[in-house]
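# A closer look at the structure
As a plain string of letters, each chain reads:
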Amino acid sequence: MNTLQNFSKGLIKENPVLVLVLGTCPTLATSTSVTNALGMGLAATVVLLCSNVVISALRKVIPDKVRIPCYIVLIAGFVTMVQMLVKAFAPALDAALGIYLPLIVVNCIILGRAEMFANKNKVFDSAVDALGMGAGFTLALALMATIREVFGNGTFMGLPIPVLADNHISILTMAPGGFFVFGLLIAAVNKFSANKPKKQEFGCAGCPSAEICGKACLNNGEEAAVND
Amino acid sequence: MTKLIIILLSAVFINNYVLSRFLGICPFLGVSKKLDSATGMSLAVIFVMLMATAATWPIQTYLLDPNGLGYLQTIVFILVIAALVQLVEIVLKRYIPSLHKSLGVYLPLITTNCAVLGVTILNIDEGYTFIEAMVNSLGSGLGFFLAMVMFSGVRSKLEGTDVPKNFKGLPITLVAAAITSLSFLGFGGVIENLFA
């Protein structure tokens, strides 16, 4: 796989939000306005880039058995750094993102890329993968935020849009709107990737606990669809 | 006392973790297919939320804050939660095997659940006292339970319906979640006025 493919797969083919369905919590929560979405995307991308590079560089040092705790500590360290930088230089964004900034630690995309890509590939490839995935995450967030902000609030990045500003559908910026727009976007993705029929269940592929999760469901007589 | 009741009820209904704060969406969509797995998962979440708050609140208040180490919050909390979950699992397995049998499989999943880390951080951010923090965690856990159980009911109805091809699976589940979440909007303002 060449570098360009490695980068671009995160944008469309393996878009972390819309195709792999990872990191749903921040996607739903911070897509109320385009500015927040871009801030969240950027913060997560920085953490993803740092963690992928460091984990890839240390892939031969970290013992296999304790790799998940090691990854979590590394990621938590980078999240703390990003959190302090945002607090210092963009206090407004810090207030808007609130709890979701420290919660980047448990964002499945970051742990998922560490587990699926960075611990098997060279540093440069991992960095490119992180940039691609980060860009895909930001793009999906921005797309969702654009729909929710333009139709829900009648503004785009805070600038009012002539007709929509007086006729906005406020429910879209509230919690139910998040679920609804996300559902519609995934349905649209299904529609346009219809040539490759893929059973789309909840994407746990990158989740470090996917294995246990599948077991949990199997034990309860549920089909292992969650784990697909 | 009134304040505690307000905290509890708001955590369950108004600031519901899943349906209005978007925390813990992964288990909400992943494990809500069947009622018994939804119940097991949510009971485990309530349990771990209470344990995690009982552990992290004193750490933040008596260890990190007096030493000016407040910025280590994220790292310390995630490690404490991860270690705690392991510990709880070992203890349950040894001493209460029946409880381990029903909750055990869900415990490891909870380590990377954002609802648990979220509740511990929010307790500190809101400046709650220890009792208030515990009540808030209980309320958040109960809110998660309520959402999971309600939604597993909705999903069992979805299983048998004929939905458009592109909406099959996750999209229709999300649309159903939107409607469930809509019903919770109705609680807005109720709790504050209840005691006014």
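Note that the coordinates shown come from a computational prediction; the quantities given were computed from them, not determined experimentally.

## Details of the overall build of chain B
Broken down by element type, chain B carries 10 helices and zero strands. Sequence-ordered secondary structure for chain B, helices as α and strands as β, is α-α-α-α-α-α-α-α-α-α. Rg of the C-alpha trace for chain B: 18 Å, near the compact-globule value of 16 Å for 196 residues, within the 12% margin. C-alpha atoms of chain B, sized along the principal axes, occupy 60 × 50 × 30 Å. Taken over 196 residues, chain B has a buried fraction of 52%. Look at the contacts in chain B between residues 6 or more apart in sequence, and 77% of them connect residues 24 or more apart. In the structure as shown, chain B presents an accessible area of about 8,300 Å², 69% of it carried by carbon and sulfur atoms. Side-chain charges of chain B comprise 11 positive and 9 negative groups, with the mean position of each set lying 14 Å from the other.

## Examining the overall build of chain A
Along chain A, the regular secondary structure elements total nine helices and two strands. Reading the helices (α) and strands (β) of chain A from amino to carboxyl end gives α-α-α-α-α-α-α-β-β-α-α. For chain A, buried positions account for 54% of its 228 residues. Considering only contacts within chain A whose residues lie at least 6 apart along the sequence, 73% involve residues at least 24 apart.

## With respect to the side chain of Ser-140 of chain B
Residues and elements named next belong to chain B. Looking at the element boundaries, Ser-140 is found in helix α8 (residues 130-159). What makes Ser-140 buried here is its relative accessible area of 0%. Sequence-distant contacts of Ser-140, defined by excluding residues within four places in its chain, comprise Ala-11, Tyr-17, Met-49 and Val-119.

## A look at the interface of chain A and chain B
Counting residues at the interface gives 49 residues for chain A and 45 residues for chain B. Carbon and sulfur atoms make up 76% of the area that chain A and chain B hide from each other, which totals about 4,200 Å². Joining chain A to chain B, the criterion identifies zero salt bridges. Linking chain A with chain B are three residue pairs in polar contact (both at pLDDT 80 or more). Within the residue set of the side of chain A that touches chain B, elements represented by two or more residues are α2 (24-30), α4 (67-89), α6 (108-118), α8 (175-192) and α9 (210-219) of chain A. Tallying contributions element by element places α8 of chain A first for the side of chain A that touches chain B, with 12 residues.

## Brief notes about the packing of aromatic side chains
Scanning the model with the defined rule gives seven aromatic pairs over all chains in all. Measuring from ring centre to ring centre gives 4.6 Å for Phe-13 of chain B and Phe-187 of chain B, while their planes differ by 40 degrees; the resulting arrangement is tilted. Remark: Phe-187 of chain B occurs in the loop between α9 (170-185) and α10 (190-194) and Phe-13 of chain B occurs in helix α1 (residues 2-14); sequence separation between them is 174 residues. Residues Phe-28 of chain B and Phe-151 of chain B carry aromatic rings whose centres are separated by 4.5 Å and whose planes lie at 25 degrees to one another, so their mutual orientation is stacked. Linking Phe-28 of chain B in helix α2 (residues 25-30) with Phe-151 of chain B in helix α8, this pair joins segments that are 123 residues apart in sequence. Of the two residues, Phe-28 of chain B and Phe-151 of chain B, neither departs from the other in class, the shared state being buried. Joined through ring pairs, the aromatic side chains of Phe-179 of chain A together with Phe-22, Phe-28 and Phe-151 of chain B make up one cluster.

## A look at the packing of helix α3 (residues 35-64) of chain B against helix α7 (residues 114-125) of chain B
Residue and element names in this part refer to chain B. Between α3 and α7, the shortest axis-to-axis distance is 9 Å and the interhelical angle comes to 40 degrees. As summarised for this structure, α3 and α7 are arranged oblique, according to the angle between their axes. As for how α3 packs across α7, the hand of that crossing is right-handed. Contacts between α3 and α7 pair Val-48, Met-49, Ala-52, Thr-53, Thr-56, Trp-57 and Gln-60 from the former with Ala-115, Val-116, Val-119, Thr-120, Asn-123 and Ile-124 from the latter. In terms of residue class, the contact of α3 with α7 is made up of eight nonpolar, five polar and no charged.

## Some words on the confidence of the model for chain A
In this model, chain A carries a mean pLDDT of 82, and residues with pLDDT of at least 70 account for 84%. Note on residues 215-228 of chain A: pLDDT under 50 across the span, and 31 contacts to partners over four residues away in sequence or across chains.

## Observations regarding unusual backbone geometry
Phi is positive for Phe-22 of chain B, close to 55 degrees, though the residue is something other than glycine. As for its position among the elements, Phe-22 of chain B is in the loop between α1 and α2.

## A short note on the nonpolar core
Among the nonpolar cores identified, the biggest contains 109 residues, and Phe-179 and Phe-182 of chain A together with Phe-28 and Leu-117 of chain B are the most heavily contacted of them. With 10 residues, the single largest contributor to this core is helix α4 (residues 73-95) of chain B. Ignoring sequence-local partners within four residues, the contact set of Leu-117 of chain B consists of Pro-102, Leu-103, Val-105 and Val-106 of chain A together with Phe-77, Ile-78 and Ile-81 of chain B.

Rules and cut-offs
Residues numbered from 1 in each chain as written. Chains lettered and ligands numbered in written order. Predicted model: local features only at pLDDT ≥ 70, side-chain atom pairs only at ≥ 80, totals over all residues. Heavy atoms only, no water. Helix = DSSP H or I, 4+ residues; strand = E, 2+ residues; numbered from the N terminus. Rg over C-alpha atoms; globule rule 2.2 N^0.38 Å. Buried < 20%, exposed > 50% of the residue type's maximum accessible area, 1.4 Å probe, protein only. Contact = heavy atoms within 4.5 Å. Areas by Shrake-Rupley, 256 points an atom, 1.4 Å probe, with all protein chains shown as cover. Lys, Arg positive; Asp, Glu negative; His and termini not counted. Charge placed at Lys NZ, Arg CZ, Asp CG, Glu CD. Buried area = accessible area lost by both parts, 1.4 Å probe. Salt bridge = Lys/Arg side-chain N within 4 Å of Asp/Glu carboxyl O. Polar contact = N/O pair within 3.5 Å; in protein donor to acceptor, adjacent residues only side chain to side chain. Phe/Tyr/Trp six-rings, centres within 6.5 Å; stacked < 30°, edge-to-face > 60°. Axes fitted to C-alpha atoms, helices over the stretch in contact; angles between N-to-C directions. Parallel < 35°, antiparallel > 145°, perpendicular 65-115°, else oblique. Left-handed = near helix turned anticlockwise from the far one by under 90°. Nonpolar A, V, L, I, M, F, W, Y, C, P; charged D, E, K, R; others polar. pLDDT = per-residue confidence, 0-100. Core = buried A, V, L, I, M, F, W, Y, C linked by side-chain atoms within 4.5 Å.

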